[in-house]
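# Summary of structural features
Residues per chain are reported as follows:
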Amino acid sequence: MTGIRFMDEIAAPRRSTVHPSALRPSRRQSTESEIPLSEYVVAMAVDVPQLELYTHVSKDLQLWIERIKGIYKEAEDEALKMTPELFQEFVLADEEGQNELLHQLKLIKVNKHAQAKSEWYDWKMQWVEQLYEKADQGFRDLEADAKVLENIIRQTQEVVPALNEEYENLLRELEQEQADVAELENCDQDYLNELKTTIQEQSVALDAFRADVDEGKAKLDRLQEKLEEIEAQKLETTNAIQVAERQVQVQKNSTHAEVFRLKDELEALQNLHMLQVTKVLPELFEFRYASSYDVSVPCENFCPVIKEVSITRVQSAKLKYKDAFPALSLLILKTASALVAKFNGDLSVRQIVERLGDYWSACSQLLTQLKLVAIKYPVAITHGEDDGSGFTATVTVMLPSKKAKALISFIFDTRTFSSWPISIQSMQCDVKVAYGPIQRDTLQEAILGRLREATVADNYGCLLDACTVALDCYA
């Protein structure tokens, strides 16, 4: 009905291709001339890869044909058991519907044949590219061999004159020795035999001396080995003595009082740096900073996993200390977590502790500045929805002499308050006049002037001084 045939039933036209090797005469016909080396190289670089690829592809196609035959047989069995819906539709349809179904099936057939042909062309193109790559590799190998042969030939040409000269010298020595032999043959044979006997006796004596020398060398080697063994034993004994002396020294000095003294020194150092290490394991490092923040650093064999670092606020600290700026405390905690997330993956635990310590030290100094301002003036803390944008501290000041009110805003971005007071010169401020006959620019210039005078070493109460200087402008 459909006119579809499988690929193994299609009689595809084949090209008459003959490999160049088939056109050459056989080995029996080419006995007069040997096969050149270039043809061997071409065969190894081109023909052998083609043969290997053809063998692999033929085996794969045979397996594929066997698998397709099994699928086709199963489809035939299923079709005998249950008529496919397509055939039912074709039987039930009228003549026009049957023509349309035949037309669609022919289109599908053409499409599948075109797809199969396209895939065949793609595969053949990849095969040809692979062959080109192997041929190029073979050509590059030939070029490399040619360069190596050039070097060998050049070296040989350099050595040949010296070898010729040595050959001539050897010929002259041979002639001289032949002359000496002829002279010896003409001499007295009895005297020569006597000399030979003397030489044999001397050779025997030399052999005995050589045997004595070899025996002496063997004795020397044995003594040398024994000396090395004694040196190794001496080294082991020395190490054992040193270990024993260290153990004795530890037993003498590591008393109960020494342990308590070292413990007191450790507590003093932790109090000085406001850092308390709570857990040290190969997979976890935990510490507490200023009794306010708990930091947990997951590790892999003491190497920190930056993405899994967690920072939390100590619950007891919220009840023990009054938080003057709750919104700012929450922002400081979130910013600390964000700063840890930005660290590079090759940081050590020590570097993480140092950077968090510097950050919290800067935040502590900045909170001290804001608390000094809050003692005299109302302070409001505001920050945007983005935690990385920083915060703004707005100070409300009254000028009774002018019956005026001004709002002084100190703007702290993340870089400014995380590196305070090093970044004090980069801090920005803004002034808004709520009411009254006062000039905004005058107040802002006075505030900026006082902030520019502050330094890293001398900055205590600079924000409070800036507000006071602004009020003095209209005193």
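Going along each chain's sequence as written, the residues are numbered from 1 onward. Where totals are concerned, whole chains, interfaces and linings use all residues; where local detail is concerned, this predicted model gives features only for residues with pLDDT of at least 70, and gives and counts side-chain atom pairs only at 80 or more. Side-chain numbers here rest on the full set of heavy atoms in the structure, without hydrogens or water.

### Describing the overall build of the protein chain
Test applied: Numbering of helices and strands runs from the N terminus, with a helix taken as a DSSP run of H or I at least four residues long and a strand as a DSSP run of E at least two residues long. The criterion used for residue contact is that any of the two residues' heavy atoms lie within 4.5 Å. We get accessible surface area from the Shrake-Rupley algorithm with a probe of 1.4 Å; when it comes to residues, only the shown protein chains can shield them.
Across its full length, the protein chain holds 12 helices and nine strands. Put simply, 51% of the contacts in the protein chain that link residues at least 6 apart link residues at least 24 apart. Just so you have it, the protein chain exposes about 35800 Å², and 56% of that area is on carbon and sulfur atoms.

### Some words on the nonpolar core
What counts is decided by this rule: Think of a nonpolar core as a cluster: buried Ala, Val, Leu, Ile, Met, Phe, Trp, Tyr and Cys residues, connected wherever their side-chain atoms sit within 4.5 Å. Working definition: with a 1.4 Å probe on protein chains only, accessible area under 20% of the residue-type maximum means buried, over 50% means exposed, and in between means partly exposed.
Counting residues in each nonpolar core, the largest one holds 59 residues, and the members touching the most others are Trp360, Phe391, Phe410, Phe412, Ile447 and Leu463. The element that contributes the greatest number of residues to this core is helix α9 (residues 349-376), accounting for 11 residues. Setting aside its immediate chain neighbours within four residues, Trp360 contacts Phe287, Tyr289, Tyr293, Val295, Ile311, Ile332 and Ala336.

### Considerations on the pattern of salt bridges
Threshold: Only one rule defines a salt bridge in this text: a Lys or Arg side-chain nitrogen within 4 Å of an Asp or Glu carboxyl oxygen.
Tallying each qualifying case throughout the model produces seven salt bridges. The partner of Arg210 in a salt bridge is Asp207, and the shortest N-O contact between them spans 3.1 Å. In this pair, Arg210 and Asp207 both sit in helix α5 (residues 189-253), three residues apart, roughly one turn of the helix. Asp207 gets classed as partly exposed once you look at its relative accessible area, which sits at 45%. In this structure, Arg288 engages Asp294 in a salt bridge whose closest nitrogen and oxygen atoms are separated by 2.7 Å. For Arg288, a relative accessible area of 27% gives the class partly exposed.

### Re the pairing of strand β7 (residues 391-399)
What counts here: Strand pairing is assigned whenever DSSP identifies at least 2 bridges connecting the two strands.
Two elements, strand β6 (residues 379-383) and β7, share five bridges in a ladder whose sense is antiparallel. Counterpart to His383 in the pairing with β7 is Phe391. Bridge count between β7 and strand β8 (residues 404-412): nine bridges; the pairing is antiparallel. By the bridge assignment for β8, Ala393 is matched with Phe410.

### Things to note about helix α8 (residues 326-341)
Going by this rule: Given the number of residues in a helix, its expected span is that number minus one, multiplied by 1.5 Å.
Between its first and last C-alpha, α8 extends 23 Å over 16 residues, near the 22 Å set by a 1.5 Å rise per residue. When α8 is considered as a whole, its buried residues turn out to be Leu328, Ser329, Leu331, Ile332, Leu333, Thr335, Ala336 and Val340. Buried-residue contacts for α8 involve β3 (293-300), β5 (310-313), α9, β6, β7 and α10 (414-418).

### Concerning the packing of aromatic side chains
Under the convention used in this document: Here is the rule: rings of Phe, Tyr and Trp (six-membered ring for Trp) pair when centre to centre is within 6.5 Å. Planes less than 30 degrees apart are stacked, more than 60 are edge-to-face, and the remainder are tilted.
Applying the stated criterion across every chain, the model contains eight aromatic pairs. For the pair Phe412 and Trp420, a centre-to-centre distance of 5.9 Å together with 65° between the ring planes defines the contact as edge-to-face. Residue Phe412 shares its accessibility class with Trp420, and that shared class is buried. Here the aromatic cluster, defined as three or more aromatic residues joined through ring pairs, consists of Tyr359, Phe391, Phe412, Phe417 and Trp420.

### Quick notes on the sheet that holds β6
Under the convention used in this document: Lines fitted to C-alpha atoms define the axes here, with helix axes fitted over just the stretch in contact, and angles between the N-to-C directions of these axes take values from 0 to 180 degrees.
The strand order across the open sheet formed by four strands is β6-β7-β8-β9, and the pairing between neighbours is antiparallel. Each end of this open sheet is capped by a strand with a single partner; those strands are β6 and β9 (428-435). On average, adjacent strands in this sheet sit at an angle of 25° to one another, irrespective of strand direction.

### Some points on the confidence of the model for the protein chain
For clarity, the cut-off: One confidence number per residue, pLDDT, is output by the predictor and ranges from 0 to 100.
Predicted confidence across the protein chain gives a mean pLDDT of 82, with 88% of residues reaching 70 or more. Confidence, expressed as mean pLDDT per element, reaches its minimum in the protein chain at helix α1 (residues 20-23) with 52 and its maximum at β8 with 91. In the model, residues 1-19 has pLDDT below 50 throughout and makes 15 contacts with residues more than four positions away in sequence or in other chains.

### Describing a nonpolar patch on the surface
Threshold: Patches draw on residues past 30% relative accessible area with no salt bridge. Two like charges within 9 Å are joined, as are two nonpolar side chains (Val, Leu, Ile, Met, Phe, Trp, Tyr) within 5 Å.
On the surface, a nonpolar cluster with roughly 360 Å² of combined accessible area is contributed by Val148, Leu149, Ile152 and Ile153. Structurally, Leu149 can be placed in helix α4 (residues 95-185).

### Considerations on helix α12 (residues 462-472)
Along an α-helix, residues three or four apart share an orientation, since each turn contains 3.6 residues. Of all the positions in α12, only Cys462, Leu463, Ala466, Cys467, Ala470 and Leu471 are classed as buried. Contacts made by the buried residues of α12 are with α9, β7, β8 and α11 (440-453).

### A look at the side chain of Thr394
Counted only if it meets this: Under this definition, polar contacts are N or O atom pairs within 3.5 Å; protein pairs additionally need one hydrogen-donor-capable and one acceptor-capable atom, and for neighbouring residues in sequence, both atoms have to be side-chain atoms.
Examined against the element boundaries, Thr394 turns out to sit in strand β7. Only 3.5 Å separates the side chain of Thr394 from the side chain of Ser409, close enough to count as a polar contact. Apart from the residues within four sequence positions on either side, Thr394 is in contact with Pro378, Val379, Ala380, Leu407, Ile408 and Ser409.

### Structural notes on the pairing of strand β2 (residues 284-289)
Relative to β2, strand β1 (residues 275-281) runs antiparallel, the two sharing six bridges. Note on β2: the bridge partner recorded for Lys279 is Glu286. Here β1 folds back onto β2, and the loop between the two strands holds two residues. Strand direction decides the pairing type here: β2 and β3, joined by six bridges, are antiparallel. Bridged to Phe287 within β3 is Val295. From the end of β2 to the start of β3, which pair antiparallel, there are three residues, and Ala290 there has a positive phi angle of about 55°.

### Things to note about the side chain of Ser329
Take Ser329: it is sitting in helix α8. With a relative accessible area of 10%, Ser329 lands in the buried category. Sequence-distant contacts of Ser329, that is, excluding residues within four places in its chain, are made with Arg313 and Asp323.

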